[in-house]
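# Geometric and topological summary
Chain by chain, the residues run as shown.
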Amino acid sequence: QVQLVESGGGLVHAGESLRLSCTTFGINFSDNVMGWYRHVPGTLPSLIAKIGRRGATEYADSVKGRFTISRDNAKNTVYLEINSLKPEDTAVYSCRAGGSGRPVYFGQGTQVTVSS
């Protein structure tokens, strides 16, 4: 059974940092492109960062410079580090595995709430 389990969200103050984690089960992690989505209530989820099998990264313009995606294939885990958090970063963050011809799986997400 495939599972993607996110963690690391919470309530933080503006200016602080967080590192989100997503650990996968039931897939060959190193064969998969991994991505992070951000879902603000009332809007569609948007892909904000992704990392290829060899570590190449891409970011949405809205998060460039403050967000860093990384992966640890030995731990089957992808990370999203968010620096200088802003209230507008408040959202549910979920990870995605697959694409590029592979099955796509999503996690349930982790809530990040940033107070001003």
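Above this text sits the structure in question.
Heads up: these notes are all about the structure in this document. (Residues numbered from 1 in each chain as written. Predicted model: local features only at pLDDT ≥ 70, side-chain atom pairs only at ≥ 80, totals over all residues. Heavy atoms only, no water.)

Turning to the state of the cysteines, a few remarks are in order. Counting across every chain of the model gives one disulfide. The residue that forms a disulfide with cysteine 22 is cysteine 95, at a sulfur-sulfur distance of 1.9 Å. Its torsion about the S-S bond being 45 degrees, the disulfide of cysteine 22 and cysteine 95 is classed as right-handed. On the criterion of sequence distance, the pair formed by cysteine 22 in strand β3 (residues 18-25) and cysteine 95 in strand β9 (residues 91-99) is long-range, its members being 73 residues apart. Owing to a relative accessible area of 0%, cysteine 22 belongs among the buried residues under this scheme. (Disulfide = S-S within 2.5 Å. Helix = DSSP H or I, 4+ residues; strand = E, 2+ residues; numbered from the N terminus. Buried < 20%, exposed > 50% of the residue type's maximum accessible area, 1.4 Å probe, protein only.)

With that settled, consider the side chain of serine 21. Among the structural elements, serine 21 can be located in strand β3. With sequence-adjacent residues up to four places away left out, serine 21 is seen in contact with Val5, Glu6, Ser7, Trp36, Thr77, Val78 and Tyr79. (Contact = heavy atoms within 4.5 Å.)

The next point concerns the packing of aromatic side chains. To describe a pair of aromatic rings, you give the distance between the ring centres and the angle between the ring planes. If you walk through the whole model with that rule in mind, you get one aromatic pair. Ring plane angle 70 degrees and centroid distance 5.3 Å describe the contact between tyrosine 37 and phenylalanine 106, whose orientation is recorded as edge-to-face. Here the residue tyrosine 37 occupies a position in strand β4 (residues 34-39), and phenylalanine 106 occupies one in strand β10 (residues 102-106), the gap between them amounting to 69 residues. Under the relative-accessibility criterion, tyrosine 37 is labelled buried at 15%. For the cation-ring pair, arginine 19 lies above tyrosine 79, with the distance from its terminal atom to the ring centre recorded as 4.2 Å. (Phe/Tyr/Trp six-rings, centres within 6.5 Å; stacked < 30°, edge-to-face > 60°. Lys NZ or Arg CZ within 6 Å of the ring centre and 35° of its normal.)

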